[in-house]
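Okay, here's what each chain looks like letter by letter:
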Amino acid sequence: MSDPNDHRPPPGGPGHLQEQGQLLRLLVDSVKEYAIFMLDPAGHVLTWNPGAERIKGYPAHEIVGRHFAVFFTPEDVRRGKPDAELREAAEQGSSEDEGWRVRRDGTRFFASVVVTALRGPDGALRGFAKITRDLTERRRGEEARRNLAEAREAVRSRDDFLAVASHELRTPLTCVQLVTQSLARQTHEGQAVTGQQVERLEQLQRHVARLGELVSGLLDLAEMSRGALQLEPAPFDLAELVHEVAARFEPDVRRRGTALSVHAPGPIPGRWDRRRVGDAIAAVLGNAVKYGGRSPIEVTASRDDRRAVVVIEDRGPGIALEDQSRVFERFERAAPVAHYPGLGVGLWTARQILNAHGGDIAVESAAGKGARFSLRLPLEYPA
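We now turn to the structure provided with this report. For clarity, every value in this text was computed on a predicted model and none was experimentally measured. All chains use their own residue numbering, which begins from 1 and follows the written sequence. pLDDT decides what is reported in this predicted model: residues at 70 or higher carry local features, side-chain atom pairs at 80 or more are listed and counted, and totals for whole chains, interfaces and linings draw on all residues regardless. The side-chain values count all of the structure's non-hydrogen atoms but skip hydrogen atoms and water molecules.

In this text, helices come from DSSP runs of H or I with a minimum length of four residues, and strands from runs of E with a minimum of two, each type numbered from the N-terminal end. Scanning the protein chain from N- to C-terminus turns up eleven helices and eleven strands. Considering only contacts within the protein chain whose residues lie at least 6 apart along the sequence, 57% involve residues at least 24 apart. Working definition of accessibility: Shrake-Rupley area with a 1.4 Å probe, residue cover restricted to the visible protein chains. For the protein chain, the accessible area works out to roughly 22,000 Å², and carbon and sulfur atoms hold 53% of it. Between two residues, a contact is recorded if the distance between any of their heavy atoms is within 4.5 Å.

And the structure:
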């Protein structure tokens, strides 16, 4: 039974439709968190709610009748994004987008936008309904969380690096201290120099050289990280430098029971920073000696009309395809530090030096099949 006190118009009657329209208008006007408005088929603003004024900054009398392209950034307008948005909505029924929009005062905000095509009973396009939500604070929160995660990762990398660096520096330093104490004690006691003492002196020299390399590496790392790598290019023979660098590794190669062959008939004249290029070759060759085990290592130097190439090849454990780009990053390695000690910056340093010369470095490898590094340099340093 109907309630005699219910004075609402009957469903479907003109009064009922009018009441629905009033309720819809009340709903739209009550929403402050969303901009809800209508566009004509050409994209001109027809209606405006308080949420739209709050988010976009325009009062209704300033924006009704204007094209909605004023909400887009200049670069999006040049790309035709406003028309594309309406076209997609007309063709597919609606379009959704997240991106930067512009307020009345020119400031930008990050918005989530939904545009819905409105069609009459005959299917004709009557316009569009557009709903916009301001996501700027959420985006800032996401960026803050991402920045925090990156900062934590940077701190973790720093801590890992300091731990490895401390270990690497402590080992030769301890040996230097022990050998020095032993030699000082024997000298104080007036003992004659023996073959064992000569061997210890050689050992001391190796560790001192290693400490020097580590300190130089740390200084270079700091310089390269700041983007302040300074080069001093001058003419020299690259083939001669390759032989010189290889000779430094001969004692280590002999102790490991392997063989190092060099094919650099030369001369390979060019204009580069001799010390830096030597550091790059030494970093890659040291990597091959470390990982190559007892397998032979081959170094080849050649040139063509445009560039010089140094190839360093070992037959060690190799590098899996998914790790090949990672090994050129700072503090990264393809094998556990417990098995292969080091700072994890050698290949990164080599790449920085070669890139600074206008060259590059590449690796060809597969797990279990050794590694072949190619160091490429233009014949003239590009000033």
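Next, the rest of the story.
The subject of this paragraph is the packing of aromatic side chains. Between the rings of Phe, Tyr and Trp (Trp by its six-membered ring), a pair exists once the centres lie within 6.5 Å; its type follows the angle of the planes, with under 30 degrees stacked, over 60 edge-to-face, and the other angles tilted. Inspection of every chain in the model, using the stated rule, returns seven aromatic pairs. On the numbers, 5.8 Å between centres and 20° between planes, the contact of tryptophan 48 with phenylalanine 71 is stacked. Here tryptophan 48 is found in the loop between strand 1 (34–39) and helix 2 (50–56), whereas its partner phenylalanine 71 is found in the loop between helix 3 (60–63) and helix 4 (74–78), with 23 residues between them in sequence. Type-normalised accessible area, obtained with a 1.4 Å probe on protein chains alone, sets the label of each residue: buried when under 20%, exposed when over 50%, and partly exposed for intermediate values. The buried category is assigned to phenylalanine 71, whose relative accessible area is 0%. Taking 5.3 Å as the distance between ring centres and 70° as the angle between the ring planes, the aromatic pair formed by phenylalanine 236 and tryptophan 272 counts as edge-to-face. Taken together, the positions of phenylalanine 236 in strand 5 (residues 234–237) and tryptophan 272 in strand 7 (residues 269–272) put the pair 36 residues apart, joining distant regions of the chain. The buried category is assigned to phenylalanine 236, whose relative accessible area is 11%. Residue classification places tryptophan 272 among the buried residues on the basis of a relative accessible area of 0%.

Each regular strand displays side chains that alternate between the two surfaces of the sheet. Pairing of strand 10 (residues 360–365) with strand 11 (residues 371–378), which is carried by six bridges, proceeds in the antiparallel orientation. Across the sheet, the residue bridging to isoleucine 361 is leucine 375, located in strand 11. For two strands to pair, DSSP has to find at least two bridges joining them. Joining the antiparallel neighbours strand 10 and strand 11 is a turn of five residues, in which glycine 368 adopts a positive phi near 85°.

Let's shift gears to the pattern of salt bridges. Side-chain pairs of opposite charge can arise whenever the charged atoms involved come near each other. Within this document, salt bridges are pairs made up of a side-chain nitrogen of Lys or Arg and a carboxyl oxygen of Asp or Glu, the two lying within 4 Å of each other. The final tally for this structure, using the stated rule, is 24 salt bridges. Two residues, aspartate 360 and arginine 376, come together in a salt bridge whose shortest N-O distance is 2.8 Å. Here arginine 376 lies in strand 11 and aspartate 360 lies in strand 10, a separation of 16 residues in the sequence. Among the charged side chains, a network of salt bridges with common partners joins Asp76, Arg79, Lys81, Glu85, Asp97, Arg101 and Lys130.

With mixed pairing, five strands are arranged side by side in an open sheet as 6-8-9-11-10. Each edge of the open sheet carries a strand with a single partner, namely strand 6 (260–263) and strand 10. Between one strand and the next, the sheet's axes are offset by a mean angle of 15°, whatever the strand orientation. Every axis in this analysis is a line fitted to C-alpha atoms, fitted for helices over the stretch in contact. Angles between the N-to-C directions lie between 0 and 180 degrees. In the packing of helix 8 (residues 238–248) onto the sheet, the strands contacted are strand 6, strand 8 (297–303) and strand 9 (307–314), and the crossing angle to strand 6 comes to about 175°. Packed on one face of the sheet, helix 11 (residues 346–356) meets strand 10 and strand 11 and runs near 135° to strand 10.

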